[in-house]
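Take a look at the letters that make up each chain.
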Amino acid sequence: MSTRTLVSPAALRSARGKALYWLVFSLVLVLFLLAFVFPLYWAVTGAMKSPVELARTPPSVVPETWFPETFWQAWRELDLGRYFLNTMIVAGGAVLVQLAVCVPAAYALSKLRPVLGNVILGLMLATLMLPASALLVPTYLTIADVPLLGVNLLNNPAGIWLPAAASAFNIYLLKRFFDEIPGELLEAARMDGAGPVRVLISIVLPISRPILAVVSILALVTAWKDFIWPLLVFSDPNEQTLSVALERVAPDTALNVLTAGLVLASIPMILVFLVFQRQILAGLTAGSLKG
């Protein structure tokens, strides 16, 4: 049985149908380029304009005079090297801690079938309905005086890692993927004497690389671009992340230099997406089909 598409094959074979198809396709492509690529172009070229030209109304699409050295000026004046290092420590730790918590949790809910497991999963997913702002105060109070331990994690990367450890969305993604792993494969490992931890390490994790890559990238991007929570945690300027540091220095920084700093801060995540976009799409769709 053939699949009925929006435009029939007969219409595409006609000269009018082909012309209409390519016209619509070109318009959609141009609109997407304007929506997604033009803002990036605007930021890059804005950084290479003079402050006067950048503030001019109406703005110029192409810089009249190019100042590519603004990027080096931003790196030096804004001390971006320090804040890049701080952000990498915060984001890298958030990824590792989140994997250490979310993977065992999803594996337990999917394969170990604990009592009231569906209720626990439902409560986790219910937290996604809460606005992030509603959790700021209780989370801040918890970080300022961690229960049982009695330690203060303000101005400490662990203040970012701990709240990010349990992500309901990533646990759900992992559980969906683990649900599709054949039970016979795990049962064979158990018959060979492997315990639950050994099964997770030797069987489940090696075949879960696509979804692990997706969860890692999502955690990395979230931690890298986060602003409100790092702003509350890091009051010490020397410990701040890029997003917080750039906002702090914005009032006293030339507009073109600040724009250059914003462009430099966004480059790592753009490269991560360009390099791993195939793994991201593969991991997001891997759990939707039975194999």
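Residues numbered from 1 in each chain as written. Predicted model: local features only at pLDDT ≥ 70, side-chain atom pairs only at ≥ 80, totals over all residues. Heavy atoms only, no water.

### Section: the overall build of the chain
Right, so step 1: The helix and strand inventory of the chain stands at 15 helices and zero strands.
Right, so step 2: The C-alpha radius of gyration of the chain comes to 24 Å, more than 25% above the 19 Å expected for a compact globule of 291 residues.
Right, so step 3: Dimensions of the chain along its principal axes, counting C-alpha atoms only, are 70 × 70 × 35 Å.
Right, so step 4: When each of the 291 residues of the chain is scored for burial, the buried share is 33%.
Right, so step 5: Put simply, of all contacts in the chain between residues at least 6 apart along the chain, 69% involve residues at least 24 apart.
Right, so step 6: Counting every atom, the chain has about 17700 Å² of accessible surface; 71% of that belongs to carbon and sulfur. (Helix = DSSP H or I, 4+ residues; strand = E, 2+ residues; numbered from the N terminus. Rg over C-alpha atoms; globule rule 2.2 N^0.38 Å. Buried < 20%, exposed > 50% of the residue type's maximum accessible area, 1.4 Å probe, protein only. Contact = heavy atoms within 4.5 Å. Areas by Shrake-Rupley, 256 points an atom, 1.4 Å probe, with all protein chains shown as cover.)

### Focus on the side chain of T45
Right, so step 1: Summarising the element assignment, T45 is placed in helix 2 (residues 15-47).
Right, so step 2: When its relative accessible area of 3% is taken as the criterion, T45 is described as buried.
Right, so step 3: Within the structure, T45 has its side chain in polar contact with the backbone oxygen of W42 (distance 3.3 Å).
Right, so step 4: Excluding its chain neighbours within four sequence positions, the residues that come into contact with T45 are V61, P63 and W66. (Polar contact = N/O pair within 3.5 Å; in protein donor to acceptor, adjacent residues only side chain to side chain.)

### What about the layout of surface pockets?
Right, so step 1: By volume, the largest pocket is sized at about 1000 Å³.
Right, so step 2: Along the walls of the largest pocket sit 27 residues, with A132, L135, P163, A164 and T222 positioned nearest its centre.
Right, so step 3: Among the secondary structure elements, those contributing two or more residues to the lining of the largest pocket are helix 5 (80-112), helix 7 (136-144), helix 8 (158-164), helix 9 (168-179), helix 12 (209-225) and helix 13 (228-233).
Right, so step 4: Of the residues belonging to the lining of the largest pocket, the class tally is 20 nonpolar, six polar and one charged.
Right, so step 5: Approximately 170 Å³ is the volume attributed to the second largest pocket.
Right, so step 6: Around the second largest pocket sit V221, W224, K225, L242, S243, L246, L262, A265, S266 and M269, which together line it.
Right, so step 7: Broken down by element, the residue count for the lining of the second largest pocket peaks at four residues, all from helix 15 (residues 255-286).
Right, so step 8: Tallied by class, the residues present in the lining of the second largest pocket amount to seven nonpolar, two polar and one charged. (1 Å grid on protein atoms, 1.4 Å probe; cavity = no way out; pocket = protein on both sides within 12 Å on 5 of 7 lines; lining within 4 Å. Points joined across faces, edges and corners; volume = space filled by probe spheres on them. Nonpolar A, V, L, I, M, F, W, Y, C, P; charged D, E, K, R; others polar.)

### Re the side chain of E53
Right, so step 1: Mapped onto the elements of the fold, E53 is located in helix 3 (residues 51-54).
Right, so step 2: The side chain of E53 is buried and forms no salt bridge, while K49, the nearest opposite charge, is found at 5.0 Å.
Right, so step 3: In terms of polar contacts, E53 uses its side chain to reach the side chain of S60, at 2.7 Å. (Lys, Arg positive; Asp, Glu negative; His and termini not counted. Salt bridge = Lys/Arg side-chain N within 4 Å of Asp/Glu carboxyl O.)

### With respect to helix 12
Right, so step 1: Counted at 1.5 Å a residue, the expected span for helix 12 with its 17 residues is 24 Å, and the 24 Å between its end C-alpha atoms agrees.
Right, so step 2: The set of residues buried in helix 12 consists of I211, L212, V214, V215, S216, I217, A219, A223 and W224. (Expected span 1.5 Å × (residues − 1).)

### Points about helix 11 (residues 196-204)
Right, so step 1: All buried positions along helix 11 are accounted for by V199, L200 and V204. For helix 11, the buried positions fall inside an angular range of 100° around the axis, keeping them on one side. Of the exposed residues in helix 11, those oriented more than 90 degrees away from the buried face are V197 and R198.
Right, so step 2: On its buried face, helix 11 is in contact with helix 5, helix 9 and helix 10 (183-191). (Arc of directions from axis to C-beta.)

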